[in-house]
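The primary structure of each chain is shown beneath.
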Amino acid sequence: MAKNNPLLSICIPTFNRAAYLSETIQSILSQTYTHFELIIINDGCTDNTEDVVKGYKDKRIQYLKNKKNLGYIKTMNKGTMLAKAEWVMHVSDDDKMRPTMLEEMVDALCEYNNQEIGFVVPQSANIDHKGELINEPPKQLVNKKSILLKPKEFICNFTLYGRKIRDTYVFNTSFPSTLFNKKILIELGMSSEDVPVSHDVLIESEICLLYPVLVVDKPLFEYRVHENWGSSLNRKGTYVTEYEHFLEKLFSFIDKNNIKFDYNFRKYAYQALTNYIFALNGGLLRLSGKYQGSYQQRLKKIEGYISFGVSHDKLLLVSLRFYIVVMASLLPQSIIISLGRFSRKT
């Protein structure tokens with residue numbers, strides 16, 4: 001197999017997303033780069049997913065059905081093990097590739113074909129449930145199409161999402177657009193069911209800490225953001241608990257692999273988490289807009305978020321944004337939701 005024309009394995013784990021699945025499949029089959037296999041795994045769908053898939057007569061498609069619903073993570077890991085290629089991607093069943101995505105990612109890989117790269121990922125644009133563009137990420141690099149980042153230079157933690165650590169680059173990347181080195185992905189255990197909410201950012205972060213990763217500075221993927229995105233954590237008020245669990249798993253991985261930093265990474269990670277929580281469209285306002293409980297119960301959750309934030313970053317107390325976000329979180333939920341929709345459009 002020629003190094004400049006590698007086989008790619010594109011996997012789609014799907015469950016009851018027939019309404020979007022056709023757009024996803026079509027965007028993949030329409031790629032200018034054609035040397036790939038497309039593995040679609042039906043995870044116990046009860047809608048017309050099978051009719052949608054069987055409507056395509058393309059030899060690159062492999063269609064499989066789980067005997068019972070295994071859940072997203074197990075189905076995704078199953079796709080990794082079935083993949084024939086050295087490079088594998090797990091595309092969500094409602095997202096879309098732009099036409100030259102695979103070609104431009106392969107071109108970038110070929111520039112560094114003598115190095116063991118953990119993954120290659122492009123920037124992602126965000127679209128809404130109707131497929132309309134929400135935002136397009138700005139270009140970060142000058143006179144370069146891509147950048148190879150050394151281990152520990154980049155991390156895909158949701159709270160540090162797509163940020164080159166301690167630098168100015170902020171890439172809007174996404175897990176479903178990531179082309180993984182299959183050998184490395186399996187070596188690190190693939191996605192973990194121990195952290196179902198943040199399995200994606202955990203495995204990507206682990207790879208980023210041990211291997212160089214390649215970022216293509218162009219929005220080649222369309223990541224669909226639904227109205228209820230992240231709402232399960234917000235409805236229950238468990239966002240901080242879930243992401244603290246994720247960070248502790250990451251810290252454990254760092255200790256196990258004896259990874260050293262020239263700064264306090266634990267403090268940095270917690271600071272990044274608090275920055276997200278108290279962002280103008282961050283965790284606290286998402287909690288306040290979606291939390292299912294009485295106003296008094298919401299106040300207790302807000303108090304908990306504030307206590308968590310201040311305990312990890314005392315500078316919040318002198319931040320005007322902190323007070324604006326806290327005051328806004330006390331508003332009626334209908335107003336908070338309206339403010340959130342407005343901020344996404346601007």
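Not measured: the values here are computed from a predicted model.

A. View of the overall build of the chain. Regarding its fold elements, the chain presents 13 helices and 12 strands. At 20 Å, the chain has a C-alpha radius of gyration in line with the 20 Å of a compact globule built from 346 residues. When the backbone C-alpha atoms are referred to their principal axes, the chain occupies close to 60 × 50 × 40 Å. Taking the contacts inside the chain whose residues are at least 6 apart along the sequence as the reference set, 77% of them involve residues at least 24 apart. About 16400 Å² of surface is accessible on the chain, with carbon and sulfur atoms providing 53% of the total. Counting 44 positive and 37 negative side-chain charges, the chain places the averaged centre of each group 3 Å from the other.

B. Quick look at the nonpolar core. Ranked by internal contacts, the top residues of the largest apolar core, which has 64 residues, are Ile207, Tyr239, Phe265, Ile277 and Leu284. By residue number, the principal contributor to this core is helix H8 (residues 239-256), which donates 9 residues. Those residues in contact with isoleucine 277, other than ones at most four positions away along the chain, are Tyr239, Val240, Gly282, Gly283, Leu284, Tyr305 and Phe308.

C. Just unusual backbone geometry, in detail. One non-glycine residue, asparagine 143, adopts positive backbone phi at about 60°. Inspection of the secondary structure assignment puts asparagine 143 in the loop between strand E7 (133-135) and strand E8 (146-149). Here the phi dihedral of asparagine 258 falls at roughly 55°; this positive angle occurs in a residue that is not glycine. As for its placement among the helices and strands, asparagine 258 is situated in the loop between H8 and helix H9 (265-277). Given the relative accessible area of 52%, asparagine 258 is considered exposed.

D. Representation of the packing of helix H10 (residues 283-290) against helix H12 (residues 320-329) within the structure. With their axes 9 Å apart at the nearest point, H10 and H12 run at an angle of 5° to one another. Taken together, H10 and H12 sit at an angle that is classed as roughly parallel. Judged by residue contacts, Leu284, Leu285 and Ser288 of H10 engage Val325, Val326, Ala328 and Ser329 from H12. Of the residues in the contact of H10 with H12, the class split is 5 nonpolar, 2 polar and no charged.

E. Broad picture of the packing of H9 against helix H11 (residues 295-312). Packing of H9 against H11 brings their axes to within 9 Å, and their N-to-C directions diverge by 140°. Regarding the angle of H9 to H11, the classification is oblique. Note on packing geometry: the crossing formed by H9 with H11 is left-handed. In this structure, H9 uses Tyr270, Gln271, Leu273, Thr274 and Ile277 to contact H11, whose residues at the interface are Tyr305, Phe308, Gly309 and His312.

F. View of the pattern of salt bridges. Evaluated as defined, the whole model comprises 15 salt bridges. Across the salt bridge formed by arginine 17 and aspartate 93, the nearest N and O atoms sit 2.8 Å from each other. On the criterion of sequence distance, the pair formed by arginine 17 in the loop between strand E1 (8-14) and helix H1 (18-29) and aspartate 93 in the loop between strand E4 (87-90) and strand E5 (96-97) is long-range, its members being 76 residues apart. Classification of arginine 17 by relative accessible area gives partly exposed; the value is 27%. With its nearest N and O atoms 2.8 Å apart, the salt bridge here joins lysine 183 to glutamate 116. With a gap of 67 residues between them, lysine 183 in helix H5 (residues 182-187) and glutamate 116 in the loop between helix H4 (101-111) and strand E6 (119-127) connect regions that are remote in the sequence. Given the relative accessible area of 39%, glutamate 116 is considered partly exposed. Here the salt bridges share partners, and the residues they tie into one network are Glu23, Lys96, Arg98, Glu136, Glu222 and Arg224.

G. Quick peek at the side chain of aspartate 43. With respect to the secondary-structure elements, aspartate 43 resides in the loop between strand E2 (36-42) and helix H2 (49-54). Of the buried charged residues, aspartate 43 lacks a salt bridge, with lysine 78 as the closest side chain of opposite charge at 7.6 Å. For aspartate 43, the side chain forms a polar contact with the side chain of asparagine 66, separated by 2.9 Å.

H. Just empty space enclosed by the protein, in detail. Taken as a whole and judged by the stated rule, the model has 1 cavity of 30 Å³ or more. In this structure, the largest cavity occupies an estimated 30 Å³ of space. Looking at the largest cavity, the residues that line it are Met76, Asn77, Thr80, His90, Phe175, Phe180, Leu185, Met190, Ser191 and Ile203. No other element matches helix H3 (residues 72-82), which puts 3 residues into the lining of the largest cavity. When grouped by side-chain class, the residues that make up the lining of the largest cavity number 6 nonpolar, 4 polar and no charged.

I. Geometry of the packing of aromatic side chains. On inspection of all chains with the given rule, the structure shows 12 aromatic pairs. Taking the centre distance of 5.5 Å and the plane angle of 50° together, the rings of phenylalanine 175 and phenylalanine 180 count as tilted. Take phenylalanine 175: its relative accessible area is 4%, and that puts it in the buried class. Here phenylalanine 180 falls in the buried class, since its relative accessible area comes to 0%. Arranged with centres 5.6 Å apart and planes meeting at 65°, the rings of phenylalanine 261 and tyrosine 263 form a pair that is edge-to-face. The exposure class assigned to phenylalanine 261 is partly exposed, which follows from its relative accessible area of 21%. Site record: aromatic cluster; members linked through ring pairs are Phe251, Phe261, Tyr263, Phe265, Tyr268, Tyr270 and Phe308. Lying across the ring of phenylalanine 261, lysine 152 places its NZ or CZ 5.5 Å from the centre.

Rules used throughout
Residues numbered from 1 in each chain as written. Predicted model: local features only at pLDDT ≥ 70, side-chain atom pairs only at ≥ 80, totals over all residues. Heavy atoms only, no water. Helix = DSSP H or I, 4+ residues; strand = E, 2+ residues; numbered from the N terminus. Rg over C-alpha atoms; globule rule 2.2 N^0.38 Å. Contact = heavy atoms within 4.5 Å. Areas by Shrake-Rupley, 256 points an atom, 1.4 Å probe, with all protein chains shown as cover. Lys, Arg positive; Asp, Glu negative; His and termini not counted. Charge placed at Lys NZ, Arg CZ, Asp CG, Glu CD. Core = buried A, V, L, I, M, F, W, Y, C linked by side-chain atoms within 4.5 Å. Buried < 20%, exposed > 50% of the residue type's maximum accessible area, 1.4 Å probe, protein only. Axes fitted to C-alpha atoms, helices over the stretch in contact; angles between N-to-C directions. Parallel < 35°, antiparallel > 145°, perpendicular 65-115°, else oblique. Nonpolar A, V, L, I, M, F, W, Y, C, P; charged D, E, K, R; others polar. Left-handed = near helix turned anticlockwise from the far one by under 90°. Salt bridge = Lys/Arg side-chain N within 4 Å of Asp/Glu carboxyl O. Polar contact = N/O pair within 3.5 Å; in protein donor to acceptor, adjacent residues only side chain to side chain. 1 Å grid on protein atoms, 1.4 Å probe; cavity = no way out; pocket = protein on both sides within 12 Å on 5 of 7 lines; lining within 4 Å. Points joined across faces, edges and corners; volume = space filled by probe spheres on them. Phe/Tyr/Trp six-rings, centres within 6.5 Å; stacked < 30°, edge-to-face > 60°. Lys NZ or Arg CZ within 6 Å of the ring centre and 35° of its normal.

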